[in-house]
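For reference, the chains in residue letters:
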Amino acid sequence: MAIKVTVWNEFYHEQTNEKVKAIYPEGIHGCIAEFLGKEDDLVVRTATLEMPEHGLTQEVLDDTDVLVWWGHCRHGDVADEIVERVKTRVLEGMGFIGLHSTHKSKIFGALMGTHCSLRWREIAEKERIWVVERSHPITQGLPGYFELPHEEMYGERFEIPAPDELLMIGWFAGGEVFRSGITYQRGYGRIFYFQPGHETFPIYYDENVRTVIRNAVRWAAPLNKYEPVVAGLHAPEPLEKL
Ligand code: ZN
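These lines cover the structure that appears in this document, whether it is placed above or below. The model shown is predicted, which means the values in this text are computed figures rather than measured ones.

Per the secondary structure count, the protein includes seven helices and nine strands. Computed over its C-alpha atoms, the radius of gyration of the protein comes to 18 Å, within 12% of the 18 Å expected for a compact globule of 242 residues. Structurally, the protein occupies a C-alpha span of about 70 × 40 × 35 Å along its principal axes. Looking at the 242 residues of the protein, the share that counts as buried comes to 50%. Considering only contacts in the protein between residues 6 or more positions apart, those separated by 24 or more positions represent 70%.

What the nine strands build is an open sheet, ordered S2-S1-S3-S4-S9-S8-S7-S5-S6; its pairing is mixed. The open sheet terminates on both sides in strands that have one partner only, identified here as strand S2 (42-48) and strand S6 (145-155). Strand-to-strand twist of the sheet, defined as the mean angle between neighbouring strand axes without regard to direction, takes the value 25 degrees. Direction of pairing for strand S8 (residues 177-186) relative to strand S9 (residues 189-194): antiparallel, over a ladder of six bridges. Counted as the bridge partner of Thr183 is Phe192 from S9. Across the sheet, helix H3 (residues 27-36) is in contact with strand S1 (3-9), S2, strand S3 (66-70) and strand S4 (95-99); its angle to S1 comes to roughly 160 degrees. Contacting S1, S2, S3, S4, S6, strand S7 (165-172), S8 and S9, helix H7 (residues 207-220) crosses the sheet at an angle of about 170 degrees to S9.

Structurally, Ser105 can be placed in the loop between S4 and helix H6 (106-112). When its relative accessible area of 4% is taken as the criterion, Ser105 is described as buried. The contact partners of Ser105, leaving out residues within four places of it in the chain, are Trp69 and His75.

A four-donor tetrahedral metal ideally has 109.5 degree angles, and a six-donor octahedral metal ideally has angles of 90 or 180 degrees. Every protein donor of the zinc ion is listed here as His100 (NE2), Glu152 (OE) and His198 (ND1), and their distances to the metal cover 2.0 to 2.1 Å. On the primary sequence, the residues serving as donors to the zinc ion are separated as H-x51-E-x45-H. Of this pair, His100 sits in the loop between S4 and H6 while Glu152 is found in strand S6, placing the two residues 52 residues apart along the sequence.

On the secondary structure map, Ser101 appears in the loop between S4 and H6. The buried category is assigned to Ser101, whose relative accessible area is 2%.

In this structure the tally under the stated criterion is 19 salt bridges. Residue Glu147 is joined to Arg128 by a salt bridge in which the shortest nitrogen-to-oxygen separation is 2.6 Å. Within this pair, whereas Glu147 is found in strand S6, its partner Arg128 is found in strand S5 (residues 119-131), the two being separated by 19 residues in sequence. Via salt bridges that share partners, Lys4, Arg45 and Asp63 belong to a single interconnected network.

A word on H7. If you check H7, its first and last C-alpha atoms are 20 Å apart, about what 14 residues at 1.5 Å a residue would give, namely 20 Å. Taken across its 14 residues, H7 has eleven buried, putting it largely inside the fold. Those residues of H7 lying buried are Val209, Arg210, Thr211, Val212, Ile213, Arg214, Asn215, Ala216, Val217, Trp219 and Ala220. Measuring from the backbone nitrogen of Asn208 back to the side-chain oxygen at the start of H7 gives 2.9 Å, which picks out Asp206 as the cap.

With that settled, the discussion passes to the environment of Leu167. Following the sequence through the fold, Leu167 ends up in strand S7. For Leu167, a relative accessible area of 0% puts it in the buried group. The spatial distance from the C-alpha of Leu167 to the C-alpha of Ile182 is 5.7 Å, given a sequence separation of 15 residues. Ignoring sequence-local partners within four residues, the contact set of Leu167 consists of Trp130, Val131, Val132, Glu133, His136, Ile138, Thr139, Gly181, Thr183 and Phe192.

Cut-off values and rules
Residues numbered from 1 in each chain as written. Predicted model: local features only at pLDDT ≥ 70, side-chain atom pairs only at ≥ 80, totals over all residues. Heavy atoms only, no water. Helix = DSSP H or I, 4+ residues; strand = E, 2+ residues; numbered from the N terminus. Rg over C-alpha atoms; globule rule 2.2 N^0.38 Å. Buried < 20%, exposed > 50% of the residue type's maximum accessible area, 1.4 Å probe, protein only. Contact = heavy atoms within 4.5 Å. Pairing = 2+ DSSP bridges. Axes fitted to C-alpha atoms, helices over the stretch in contact; angles between N-to-C directions. Donors = N, O, S within 2.8 Å, 3.2 Å for Na, K, Ca; no water. Salt bridge = Lys/Arg side-chain N within 4 Å of Asp/Glu carboxyl O. Expected span 1.5 Å × (residues − 1). Polar contact = N/O pair within 3.5 Å; in protein donor to acceptor, adjacent residues only side chain to side chain.

The following block contains the structure:
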């Protein structure tokens, strides 16, 4: 069965910054949806901040297996009600892929429970991403390392809870390192955070980056239907005779 993917973007820089608009004329969401949409097993839609309910109505979320998120300077404009709705769906099994500056989004913070702050520097330095978990579904098809000629530096310490899995470590020409590809489980939901994706560089055209996002979407798709544990309605009978 096809995996239903919703790509969400605040879609702000692409409308206000000529440099970003030139790289992503259809928006970052449009670029990601375009390459994901070429996959036979994926059905892709997009949603943006300015849409009613940010494009994330209950109906849309109930029909989403994996939500991909890109946000940066308008995190504060995302309604708390929608954040809570997304979080509930993640706990019920919807996969969540947080890209780049999503680290400071309300929803990522709500899922992590920590500040998620980091060190950063914007001088277009080279990043080398080391794949440290070669046997993971998300890293299939990647070389041992790959490079992005220009990226914003994100450096440790990244104020996150210890990841369930550390798949990739980014090294920057200025000397810093960063946990660039990490996974978490929250409730039934699988979460992947992936650091590359500063808006003024054509990061989402990079073939290795695309491989990671394609793999991550498939990895994060729910396996089992959520079954709530209803506590306190009755005390179960013991399975053994006592
Ligand atoms: Zn950035």
